[in-house]
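Remarks on the overall topology
One letter stands for each residue in the lines below.
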Number of protein chains: 2
Amino acid sequence: MYNKKTISKIFGKLLMIECLFLVITLFVSLIYREDDYMAFLYTAGITFSVASGLLFYSRNCRPELKKREGYIVVSVVWIIFSIFGCLPYLFSGSIPDISNAFFETMSGFTTTGSSVLNNIEEMSHGILFWRSLTQWLGGMGIIVLFIAVLPNIGIGNRELFIAEVPGPAPDKLTPSIAATAQKLWGLYVAFTFLETVLLWIGGMSLFDAVNHSFTTMATGGYSTKQASIAFYDSAFIQYVITVFMLIAGTNFSLSYMLVTGRPRKLFKDEEYKFYMTIVLVVSALISIGLFWEGSAVEKAIRDSVFTVASIITTTGYATADYELWSHFLKMLIFSLMFIGGCAGSTGGGFKVVRILLLVKNSYHEIKRMIHPNAVINIKYNKRRVPSKIVVNVMAFLILYIGVFAISTVIMSICSNNLETSISSVATTLGNIGPGFGDIGPTENFAYYPSWAKWFLSFLMLLGRLELFTVLILFSKTFWKK
Amino acid sequence: MYNKKTISKIFGKLLMIECLFLVITLFVSLIYREDDYMAFLYTAGITFSVASGLLFYSRNCRPELKKREGYIVVSVVWIIFSIFGCLPYLFSGSIPDISNAFFETMSGFTTTGSSVLNNIEEMSHGILFWRSLTQWLGGMGIIVLFIAVLPNIGIGNRELFIAEVPGPAPDKLTPSIAATAQKLWGLYVAFTFLETVLLWIGGMSLFDAVNHSFTTMATGGYSTKQASIAFYDSAFIQYVITVFMLIAGTNFSLSYMLVTGRPRKLFKDEEYKFYMTIVLVVSALISIGLFWEGSAVEKAIRDSVFTVASIITTTGYATADYELWSHFLKMLIFSLMFIGGCAGSTGGGFKVVRILLLVKNSYHEIKRMIHPNAVINIKYNKRRVPSKIVVNVMAFLILYIGVFAISTVIMSICSNNLETSISSVATTLGNIGPGFGDIGPTENFAYYPSWAKWFLSFLMLLGRLELFTVLILFSKTFWKK
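Residues numbered from 1 in each chain as written. Chains lettered and ligands numbered in written order. Predicted model: local features only at pLDDT ≥ 70, side-chain atom pairs only at ≥ 80, totals over all residues. Heavy atoms only, no water.

What about the packing of aromatic side chains?
Two numbers describe a pair of aromatic rings. These are the distance of the centres and the angle of the planes. Going through the model one piece at a time under the given rule, you end up with 50 aromatic pairs over all chains. Aromatic pair Tyr188 of chain A and Phe252 of chain A: ring centres 6.1 Å apart, planes at 70 degrees, arrangement edge-to-face. On the criterion of sequence distance, the pair formed by Tyr188 of chain A in helix 9 (residues 177–201) and Phe252 of chain A in helix 12 (residues 252–259) is long-range, its members being 64 residues apart. Across the pair, exposure class does not vary: Tyr188 of chain A and Phe252 of chain A are buried alike. Relative to Tyr188 of chain B, the ring of Trp185 of chain B lies with its centre 5.0 Å away and its plane at 90 degrees, an arrangement referred to as edge-to-face. Linking Trp185 of chain B with Tyr188 of chain B, this pair stays in helix 9 (residues 177–201), spanning three residues, or about one helical turn. Of the residues examined, Trp185 of chain B reaches a relative accessible area of 7% and is grouped as buried. (Phe/Tyr/Trp six-rings, centres within 6.5 Å; stacked < 30°, edge-to-face > 60°. Helix = DSSP H or I, 4+ residues; strand = E, 2+ residues; numbered from the N terminus. Buried < 20%, exposed > 50% of the residue type's maximum accessible area, 1.4 Å probe, protein only.)

Quick notes on the side chain of Gln238 of chain A
Residues and elements named next belong to chain A. Relative to the assigned elements, Gln238 resides in helix 11 (residues 235–248). Within the structure, the side chain of Gln238 is placed 2.8 Å from the side chain of Arg302, a separation counted as a polar contact. Contacts of Gln238, omitting those with residues within four sequence positions, involve Ile229, Ala230, Tyr232, Arg302, Phe306 and Thr319. (Polar contact = N/O pair within 3.5 Å; in protein donor to acceptor, adjacent residues only side chain to side chain. Contact = heavy atoms within 4.5 Å.)

Considerations on the pattern of salt bridges
Using the criterion set out here, one finds 18 salt bridges over all chains in the structure. Salt bridges sharing partners connect three or more residues here, namely Glu323, Lys330 and Glu419 of chain A. (Salt bridge = Lys/Arg side-chain N within 4 Å of Asp/Glu carboxyl O.)

Regarding helix 19 (residues 418–429) of chain A
For helix 19 of chain A, which comprises twelve residues, the first-to-last C-alpha distance of 17 Å matches the rise-based estimate of 16 Å (1.5 Å per residue) to within 8%. In terms of burial, helix 19 of chain A is largely enclosed, as twelve of its twelve residues are buried. Of all the positions in helix 19 of chain A, only Leu418, Glu419, Thr420, Ser421, Ile422, Ser423, Ser424, Val425, Ala426, Thr427, Thr428 and Leu429 of chain A are classed as buried. On the buried face of helix 19 of chain A, the contacting elements are helix 16 (327–336), helix 18 (387–411) and helix 20 (450–464) of chain A together with helix 16 (327–336) and helix 19 (418–429) of chain B. Of the residues trailing helix 19 of chain A, Asn431 of chain A is marked for its positive phi of about 55 degrees. (Expected span 1.5 Å × (residues − 1).)

Some points on the side chain of Asp36 of chain A
Residues and elements named next belong to chain A. On the secondary structure map, Asp36 appears in the loop between helix 1 (4–31) and helix 2 (37–57). Among buried charged residues, Asp36 stands out as having no salt bridge; its nearest opposite-charge side chain is Arg131, 12 Å away. Setting aside residues no more than four positions away along its own chain, Asp36 makes contact with Ser29, Ser92, Ser124 and Ile127. (Lys, Arg positive; Asp, Glu negative; His and termini not counted.)

By themselves, these figures tell us nothing about what the structure is for.
Pasting the structure below:
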C-alpha cells in the first residue's frame, strides 16, 4: 500500500541529521567536561544504529514520495525526533519521567517553549544546549532543512515543503524548492549568528548568547535561566532580543529581499504592515497602562514592547510577570495569543495574514448582503485572492476553533480555573510557551498529570503543522485503498 | 433617499402594538390596585401620542418597503421599543437610573434575561408583568407579530421576516409569509397557555405561572423570584419548565408539524437530533459529576438537565448555582453558551444547525485535501447544501468570533477576571442571561459602570438579530447613493 522502503529511507536520512546534532551537543558537553556526556553518546549511538538499520533495509530503493506518504513523513518525523530527542533527558537523569521528558522535547521541536523544569540553572551545559538546539532545528523546520541538505527525494519535495512551512500559499523565493530551502536556512543561520554577537557584546556569556539566539530566531522561548530574560538587567539585551523576535516573526522571504537590497517589498507588504501596526498599537496601550500603574517611562515601554513581541511572535520569553498586571492589560496579551506571527516566519499561531484575509472577507460579506449580485473580490497585496483560498482560511479557523474548544473542555478536567484551562490550550496550540493562571510566565507545566502532558504535546504538534497535515492522518478516507 | 413616510407609518403601527401591551399591563396593575399604575398610564399615553403623530404624518402614504428600509426598520424597532419600554421602570421609580432601565428592557425584548435587579420580590405586579411581557413579545419577534397582525406592508414582508427570524434559511411552513407568522404566533400562544396551566396545577400562583410561561417560551429567563426557579422546591415544576424550555429551543415549524399530526419530520430532522443528543450527553456527564460530588441521584439528574436546557436554549433560569460546581462541570455549561437553540426557535446563540454544518464542512475539507479534484458536497436532511450557504455560515461564525473577541477585550476594562469578561460577552451576545464569576446565576449586572450597560445592551441586539442585520447599518456602502 504505502511504500515502506521509501519511507524507511527518508526516516533513515532524517535520523542521521538528528544524530549529527546530537554529536555536536556531545562535543559541547565534552568541552565543559560534564559527567552526563554519556547521555549524548548513548543517544547518538542508538539514533545512529536505528538510522543505519533503516538505510540498510532500504538500500536498493530509489525514493519517490507521493502526496500521501509526504503527509505521513511530515507528521511522523516530529514524533520520531521527539522520541529520540528526549533520551538525553532520561539518560542523564535531568528529567527522569518519560512524559515530562517527551513534553519538554516536543515543546522544543515545535518551538512552543512550555517547560516542566523549575530548576533550569541546575542543568548541565550539554542538556541546556540540546534543549535550545531542538528549538532551533524545529524553528525553520526539520523537513525544510532536509530538503536544503538532501534535495534529491523525488517528486514529493514541493508537497513536503508546503505541508511544513506555516501559512497559506507562501510566496516562492525561487522556482526551485531546494534552492528556497537553502536560502531560508542560510538567512536563519546568519540572523542567529548576528544576534549571538550582539548579545555577547551586551554582556551575556558566549554560551548563553548562543542559546538565546537559537531560541529567539526559532521563536521558541527556552532560556538558560529560570527567570528567563528578566535575569538580564540590561536594557540593551532586552531591546536586542525584542528586535530579533520581531524579525523571527516576519516572513523570511521578505527579510531575504530586504537583505538582498529589495526593501520595498517588505514595507509594501500588507501582512507586515498589519503585524507591525498590531505590535505598535498594543505596545502603546500597555505602555500607558503600566505607566499609569506606576512604572517608569522607559521601563514601561521596554516591558510592554518586549512582552508584546514575545507573545505575538509566539516566542514566550518573559521580562515582566504579566500575571501581576491589571486585568485589561492581561487581556490584551491574551488576545495576542490568537494572532501569531507572519506566514513564512518561524512564529506559530493563527498567522497575521489569515486574520487580515478574514477581516477583509467579513467586511465584504456585509457589502455582498447589500449588493447580492455584485461580484466583490478581496484584494491582498494588490492581487485578487481566489475565493478558494478564502474558503480554505475560513475552514482553517473553524477547525482551529473546534480543536480549541474541545481541548479546553478536556483540559478543564485537570485545571482549577478558566484562565488555566483556556490558556493551556492557547499556548500549546499556538506554540507560544507560557499561559495564564497556574501556568503563567513564572510558573511551569510540571504539576499537570501525565495524560495532560501527552495531550498538550499532541496539541503542540497540531499547532506546528497547522492542523490539516496531522488531522488528515485520522480520517478514514486517507487510509482507504 | 429613504422613504421617510413609509418608515414613519411602519413605526407608528409598531408603536401602537407596544401601546396595546402597555394597556394590558395597566389593567394588571389596576387589578392588583397598585400605586404605580400611573407609570403605565403615562407610558401608554406617550407611546400613543408618538404613534399617532407618526401615523398622521404618513397618512397619505401607501407603504412599500424596500430591502434597505427593511434593515433599518428591523434594527431600529428593537431600540425604539426599548426606549419606550423602559419608561415604566423610570416613572414608577423601580429602576430610577436610565442606563439600568434601558439595560433591563433591552435584556427583556432580546430575551437575554440579564438583570440589574437584586430585589425582584419588592417589585410591583405591574412592573414584573411588564418585565416578563417584554420577553414574550421579543421571543417570537416583534416584526413577526407585526406581519401576523398587519400583513399589508408591501413587498418587504419576506425580507423583514428573514431579517428577524433566527437561523439560516428557515423552512417555509406555508407559501405566504403572513400565514407563517400567524401560525408561529398561534403555536406560541398555545404553548404558553399550556405551560401556564401545568405550572398552576404544580402549585404556582396564577400570576407567577403566567410570568414564567411568558419567559420560558421566549427563552428569556426573567423570573418573578430573586432565586429564580430554585425558589420552587417542586420537582414537578422544574421538570415542566425543563420540557417547555426544550420545546422553545426547537424549531417552531417542526413543532407545528408535530402538533398537526406530522411527527416524522421532527424526529428525522438532523438539527433536532443533534440538539437532543447534545442535551442528553452533557446532562448525563453533569449528572454523573454531581452524583460524584455528593448529590442525590434524582436531584443530580434534575439539576443537570434543567441547567443544560436553560443554557443551551439560552433561557437562563437557575435552579442550582453552577458556580459552586467543579471546574470541569462549569466548563461544560460554559461550552453550551456557544451553541444556542435550533434555527426557527425562540432560542438565541449561534444555533445548532450552524454548528452541524460547520462540523460537516470541516470533515469534508479534510476529504477535499486528499482528493482535491473530487466534488464533495455537504448534505443536510438528505438535501445537498449549496456552497453559498456554507460560506455564509462560515462568514457568520467569523464575524461572531470577531465581535466576541473585541467585545471581550472592551469588557475586560471593567471586569476583574477572565471568567467575568468572557462570559459577560458570551451571555449577552448569546441572549442567555447569567454568566460566570461576578455575574453568575446568583449575581446580577448592577455593578457594571453605565457605559458597560449600554455596550452590553448593544451586544444583546447584535445577538438577537444575528449580527448582519445590525452591522450592515454601520457600513459605508449601505448609506451610499
